[in-house]
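Chain by chain, the residues run as shown.
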Amino acid sequence: VFNPGSNQQKAVLLYEDLGLPIFDYTKTKQPACGNKTITKLAAYAKENGLDEKIINLLDALKDYTDISKILNTFIKAFEMYAFDRGDGTVWLNGDQILCGTVSGRLGSRSPNLANLPSNSRFGKLVKSCFVAPEGWVFVGADFSALEDRIVAILSDDPMKKKPFTEGIDGHCLNAFGYFQDQMQGITADNLNDIKDKYPELRQESKAPTFALNYGGTYITLMKKCGFPEIKAKAIEAGHKKLYHVLHTWSAENKVKMIQDGYISCAFGLKVRTPLLAKSMLGDTSMMLEQEFRGANNAKTQSYGLLTTRAGTEFKEVLDVSTQRFNIVNVNFIHDAIYNLARKNVNTIKWLNTHLIKCMSWQEEPNIKSDEIKLTAELDIGNSWGKMYTLKNDASDSEIQELLDKLA
């Protein structure tokens, strides 16, 4: 009998029975077998052509761990905090915490509705638990690539601007920067062709880009993506070459942290860096690097406060409008605002006009830009799990066509 929830039994299976290499150790110096380690082992198995049964087993262990987290973390919390209003609808009322994070963005608790697995493999399945009451629709408005736009504006990196000024697909640009030698027929003039010609490399570029954008190194890529050292170092070098202006900007931020003891963020927020303030340039100890990465990330992530600002402005507009009983604010998650709205054309059109206008505000001096504009679009559905995008300034007939899809 094998218990996949037992780390001890998993360690015996992986390292003694299957003879896989030990990449990581726990704090107690035992061979690690968490999902990050299993991801590395799966990459190793594929790179070295191991038996397909071993690869399938490793994938199954990852599935088991991910699903266990969904059941034990999210579903259990939903069951604990759900309450029936007595009218056939069951609700969750999580608390929003002002400045609940270092970056100033809202936090959430009881339950944590900001920590839903939106982009995981099971994100849509969990979201399908959230269904609009009869006669209403679930409406979300998510800033379009907010952090990428903010980084491009603040760093003034021309390569970071390209997706917004020249229509270049950002993932194609990254893939070209990392895997150019594997892409025959691709040049700087036809980067978007990567989406069709090399979709696997485009997909593979996503995880390392996210890690490197937030101060990760080749070691991060080895741990989180399971890349061998040579490949991880090559991708890190590609990122630094592609976005050398961004890396220079980050280095300048570090100098400011050392000199001032803080970094200035959105709307006057200051994130303190006491360890860096006591250090000297060139000191690369782990604790200093962690403080630097956290503060440097907060500089861009703090513009998630634009979500709070837009939601506040929208509520003020809604409260004095004829639609005040037809739209209900239900949640803020990072860069997105969620509402329930009556299922009719006039309400959706009003929401599409006023909420998008509030989310297009860009008057904070540090983020004013003639090149890069903040934008958002509505997503509408009977449930959070399946939603359709409504374009800005949609006509009555276009809105009705979308609502007919939900019938």
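Everything discussed here concerns the structure shown above.
Predicted model only: the values in this text are computed from it and were never measured.

Colleague: Before we move on, can you summarise the pairing of strand E10 (residues 376–383) with the specific residues and values?
Modeller: By the bridge criterion, six bridges tie strand E5 (residues 136–143) to E10 in an arrangement that is antiparallel. Paired with Phe 138 across the bridge in E10 is Gly 381. In terms of strand pairing, E10 meets strand E11 (residues 386–390) through four bridges, oriented antiparallel. Among the inter-strand pairings, Ile 380 is bridged to a residue of E11, identified as Tyr 388. As consecutive antiparallel partners, E10 and E11 are separated by two residues.

Colleague: I'd like to hear about the layout of surface pockets, residue by residue, with values.
Modeller: Counted as a void, the second largest pocket has a volume near 730 Å³. Those elements giving two or more residues to the lining of the second largest pocket turn out to be helix H3 (52–81), strand E2 (90–91), strand E8 (327–333) and strand E9 (336–342). It is E8 that provides the largest number of residues to the lining of the second largest pocket, a total of six residues. For the lining of the second largest pocket, the per-class residue count stands at 21 nonpolar, seven polar and two charged.

Colleague: Describe the nonpolar core, naming the residues involved and giving the relevant values.
Modeller: Counting 61 residues, the largest nonpolar core has Met 183, Ile 194 and Ile 348 as its most contacted members. Here this core takes eight residues from helix H17 (residues 345–359), the largest share from any one element. When residues no more than four places from it in sequence are discounted, the contact partners of Ile 194 are Cys 172, Ala 175, Phe 176, Met 183, Ile 186, Pro 199 and Arg 202. Ranked by size, the runner-up nonpolar core spans 18 residues in total, among them Phe 78, Leu 113, Val 126 and Tyr 338.

Colleague: So what's going on with the sheet that holds E9? Which residues, and what values?
Modeller: Within the open sheet, the five strands sit side by side as E8-E9-E5-E10-E11. Their pairing is antiparallel. Both edges of this open sheet fall to E8 and E11, since each of them pairs with a single strand only. This sheet shows a mean twist of 25 degrees between the axes of neighbouring strands, independent of strand direction.

Colleague: Can you break down the packing of helix H10 (residues 206–213) against helix H12 (residues 229–242) residue by residue, with the values?
Modeller: Interaxial distance between H10 and H12 falls to 11 Å at its minimum, and their mutual angle equals 60 degrees. In this structure, the crossing between H10 and H12 has a hand that is right-handed. Facing H10, whose interface residues are Pro 208, Thr 209, Leu 212 and Asn 213, H12 presents Ile 235, Glu 236 and His 239. Split into classes, the residues belonging to the contact of H10 with H12 amount to three nonpolar, three polar and one charged.

Colleague: Let's hear about the pattern of salt bridges: which residues, and what values?
Modeller: All told, the structure shown has 18 salt bridges when counted by the stated rule. Glu 147 serves as the salt-bridge partner of Arg 105, at 3.5 Å between the closest nitrogen and oxygen. Of this pair, Arg 105 sits in the loop between strand E3 (95–97) and strand E4 (107–109) while Glu 147 sits in helix H5 (residues 146–155), and the two are 42 residues apart along the sequence. A residue is classified by how much of its surface remains accessible, and Arg 105, at 14% relative accessible area, is buried. Lys 231 is paired through a salt bridge with Glu 204; the nearest N and O atoms lie 2.4 Å apart. Of the two residues, Lys 231 sits in helix H12 while Glu 204 sits in helix H9 (residues 199–204), which places them 27 residues apart along the sequence. Among the ionic contacts, a cluster of salt bridges with common partners joins Arg 105, Glu 147 and Asp 335.

Cut-offs applied
- Residues numbered from 1 in each chain as written.
- Predicted model: local features only at pLDDT ≥ 70, side-chain atom pairs only at ≥ 80, totals over all residues.
- Heavy atoms only, no water.
- Pairing = 2+ DSSP bridges.
- Helix = DSSP H or I, 4+ residues; strand = E, 2+ residues; numbered from the N terminus.
- 1 Å grid on protein atoms, 1.4 Å probe; cavity = no way out; pocket = protein on both sides within 12 Å on 5 of 7 lines; lining within 4 Å.
- Points joined across faces, edges and corners; volume = space filled by probe spheres on them.
- Nonpolar A, V, L, I, M, F, W, Y, C, P; charged D, E, K, R; others polar.
- Core = buried A, V, L, I, M, F, W, Y, C linked by side-chain atoms within 4.5 Å.
- Buried < 20%, exposed > 50% of the residue type's maximum accessible area, 1.4 Å probe, protein only.
- Contact = heavy atoms within 4.5 Å.
- Axes fitted to C-alpha atoms, helices over the stretch in contact; angles between N-to-C directions.
- Left-handed = near helix turned anticlockwise from the far one by under 90°.
- Salt bridge = Lys/Arg side-chain N within 4 Å of Asp/Glu carboxyl O.

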